[in-house]
Amino acid sequence: MASSLDAAEEKLAITRVRVFNGQHFSEPRTVVIARGIIVETDDDIGATIIDGNGGFLLPGLIDAHIHLKDKSTLQQMAEYGITTGLDMATWPPSKLDPLRGCIGLTDIRSPGLPATCSGSIHSHILPLPQEGFVSSPGDAAQFVQDRITEGADYIKVIADVPGPDQPTLNALVAEAHRHKLLVVAHASSFTPFSMAQEAEADIITHTPTDKALDGESVARMVASKRISVPTLAMMEGLMRGPNFGAVLRLMLRPATFLAIIKAKRNNPHGGGQRYENARDSVKAM
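Not measured: the values here are computed from a predicted model. All residue numbers refer to positions counted from 1 along the written sequence of the respective chain. Under the rules for a predicted model, residues below a pLDDT of 70 receive no local features and side-chain atom pairs below 80 are neither given nor counted, while totals for whole chains, interfaces and linings still include all residues. Side-chain metrics in this entry use all non-hydrogen atoms of the structure; hydrogen atoms and water are not considered.

Overview of the overall build of the chain
Argument step 1. Secondary structure summary: the chain contains 11 helices and 12 strands in total.
Argument step 2. Accessible area is worked out with a 1.4 Å probe on protein chains only. A residue is then buried under 20% of its type maximum, exposed over 50%, and partly exposed in between. Expressed as a percentage of its 285 residues, the buried residues of the chain come to 36%.
Argument step 3. Residue contacts are counted whenever heavy atoms from the two residues lie within 4.5 Å of one another. Within the chain, contacts between residues separated by at least 24 positions form 58% of all contacts whose residues are at least 6 apart in sequence.
Argument step 4. Each accessible area is a Shrake-Rupley result for a 1.4 Å probe, and residues are judged covered by the shown protein chains and nothing else. Accessible surface for the chain amounts to roughly 15,500 Å². Of this, 56% is attributable to carbon and sulfur atoms. Runs of H or I in DSSP of at least four residues are treated as helices and runs of E of at least two as strands, each being numbered from the N terminus.

Quick word on the nonpolar core
Argument step 1. Ranked by internal contacts, the top residues of the largest apolar core, which has 27 residues, are Phe143, Ile155, Val157, Leu172 and Val183.
Argument step 2. Those elements that place two or more of their residues in this core are helix 4 (140-149), strand 9 (155-158), helix 5 (166-178), strand 10 (183-186), helix 6 (190-198) and helix 7 (215-223).
Argument step 3. Ranked by the residues each element gives to this core, the list is headed by helix 5, at five residues.
Argument step 4. Beyond its immediate chain neighbours, meaning those up to four positions away, Leu172 contacts Ala115, Val134, Ala140, Phe143, Val144 and Val157. For this analysis, a nonpolar core means a set of buried residues of the types Ala, Val, Leu, Ile, Met, Phe, Trp, Tyr and Cys, connected via side-chain atoms within 4.5 Å.

Concerning helix 5
Since the α-helix turns once every 3.6 residues, residues separated by three or four places project in the same direction.
Argument step 1. Helix span, as expected, comes to 1.5 Å for every residue beyond the first. With 13 residues, helix 5 should cover 18 Å at 1.5 Å per step; its first-to-last C-alpha distance of 18 Å lies within 8% of that length.
Argument step 2. Of the residues making up helix 5, those classed as buried are Gln166, Thr168, Leu169, Ala171, Leu172, Val173, Glu175 and Ala176.
Argument step 3. Among the structural elements, helix 4, strand 9, strand 10 and helix 6 are those in contact with the buried residues of helix 5.

Side note on the environment of Ser194
Argument step 1. Inspection of the secondary structure assignment puts Ser194 in helix 6.
Argument step 2. As for Ser194 and Arg220, which are separated by 26 residues in sequence, their C-alpha atoms are 9.7 Å apart.

Some details on the pattern of salt bridges
Argument step 1. Salt bridge, as used here, is a side-chain nitrogen of Lys or Arg placed within 4 Å of a carboxyl oxygen of Asp or Glu. A full pass over the atoms with the stated rule returns eight salt bridges.
Argument step 2. A salt bridge links Arg147 to Glu150; its shortest N-O distance comes to 3.1 Å.
Argument step 3. By relative accessible area, Arg147 is classed as buried at 2%.
Argument step 4. Of the charged contacts, one joins Glu175 and Arg178 as a salt bridge, the two residues approaching to 2.9 Å between their closest N and O atoms. With Glu175 and Arg178 both in helix 5 and three residues apart, this pair spans about one turn of that helix.
Argument step 5. On the accessibility criterion, Arg178 (56% relative accessible area) is exposed.

So, the confidence of the model for the chain
Argument step 1. The predictor reports its confidence for every residue as pLDDT, a score running from 0 up to 100. On average, residues of the chain score 89 in pLDDT, and 86% of them are at 70 or above.
Argument step 2. Note on residues 1-5: pLDDT is under 50 here. Beyond four places in sequence and across chains, it has eight contacts.

As for empty space enclosed by the protein
Argument step 1. The rule is simple: put a 1 Å grid over the protein atoms alone, call a set of points where a 1.4 Å probe fits but cannot get out a cavity, call an open set with protein on both sides within 12 Å along at least five of seven lines a pocket, and count a residue as lining if it has an atom within 4 Å of a point. Grid points are joined across faces, edges and corners, and a volume is the space filled by probe spheres set on the points. All told, the structure shown has one cavity of 30 Å³ or more when counted by the stated rule.
Argument step 2. As a volume, the largest cavity reaches approximately 50 Å³.
Argument step 3. Taken together, Thr90, Trp91, Pro92, Pro93, Leu96, Pro111, Gly112, Leu113, Arg147, Glu150, Gly151 and Ala152 make up the lining of the largest cavity.
Argument step 4. The class makeup of the residues in the lining of the largest cavity is seven nonpolar, three polar and two charged. Residues were grouped as follows: Ala, Val, Leu, Ile, Met, Phe, Trp, Tyr, Cys and Pro as nonpolar; Asp, Glu, Lys and Arg as charged; and all remaining residues, including Gly, as polar.

Brief notes about the sheet that holds strand 9
Argument step 1. Pairing between strands is defined by DSSP: at least two bridges between the two strands are required. Pairing in this open sheet of four strands is parallel, and the strands run 9-10-11-12 from one edge to the other. Of all the strands in the sheet, just strand 9 and strand 12 (227-229) have a single pairing partner and so form its edges. The sheet shows a mean angle of 25 degrees between the axes of neighbouring strands, direction not considered.
Argument step 2. The pairing of strand 11 (residues 203-205) with strand 12 spans three bridges and is classified as parallel. Following the sheet pairing, Ile204 is matched in strand 12 by Ser228. Between N-to-C directions, angles cover 0 to 180 degrees, with each direction set by a line fitted to C-alpha atoms, over the stretch in contact for helices.

Looking at the side chain of Ser281
Argument step 1. By the secondary structure assignment, Ser281 is in helix 11 (residues 275-284).
Argument step 2. Taking the relative accessible area as the measure of exposure, Ser281 reaches 0% and is therefore buried.
Argument step 3. Pairs of N or O atoms are called polar contacts if they sit within 3.5 Å, as long as, within protein, a hydrogen donor faces a hydrogen acceptor (for residues adjacent in sequence, only side-chain-to-side-chain pairs). Engagement of the side chain of Ser281 in a polar contact is seen with the backbone oxygen of Asn277, the distance being 2.8 Å.
Argument step 4. If near-sequence neighbours (up to four positions away) are discounted, Ser281 is found in contact with Thr207, Pro208, Lys211, Ala212 and Leu213.

In structure tokens, the structure reads:
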């Protein structure tokens, strides 16, 4: 079912396919799709026939943490059966908007621009525009309103040390919730993770590598029904350390290099960066 098919008009019948219902696979059967909707009938009269050849039919998969490059990202996800991707920040709107609603490719949701502050780690790492900086609680309302105007599906905040302080994170989450928007918080170490919880973010992406979550943190996640998107494969990759080329590029960007050193020095758990901390956090949750 690619872009050449008009889902609103086409009737499709996938024959000889085993359907996964969440627990079991069915015996080979026919699945009919009429006007883009799976219907409760095997009537394939007038339908375009697609031979399932005894294969398996699964619901579309969701990737809960992606970073968009261009349409090639959507094409790659579609090839792996991912029909929805949750983008973790893409800007400007002129880059993001053409990637929405591409027929035959993975559908996306996105926050647009993420919130951080001048002087944060990410303000040095990423080429963030000025409108992405939220310097105080008083800036939160304008930031959220700007993202809504641009069509954001949720709000992304970056919890960092150094980064936005607790009152600013609190204000961003409260303002997003006032507009009925969910908040995704980036937090890859213990203190920012705690700050994201204190701010009452709905979803926390990444998991601490500097210290495993303690019982209090886990109990709070459970009690609040807060969602974790731990990205363990990514965390494991980061703990392997950068290659020579990456180190060289970093040294050519002294502001970023110094920001990372400063963050490590200010991190009370900075000496224990280990993948096992992230893994143990997920196990505990």
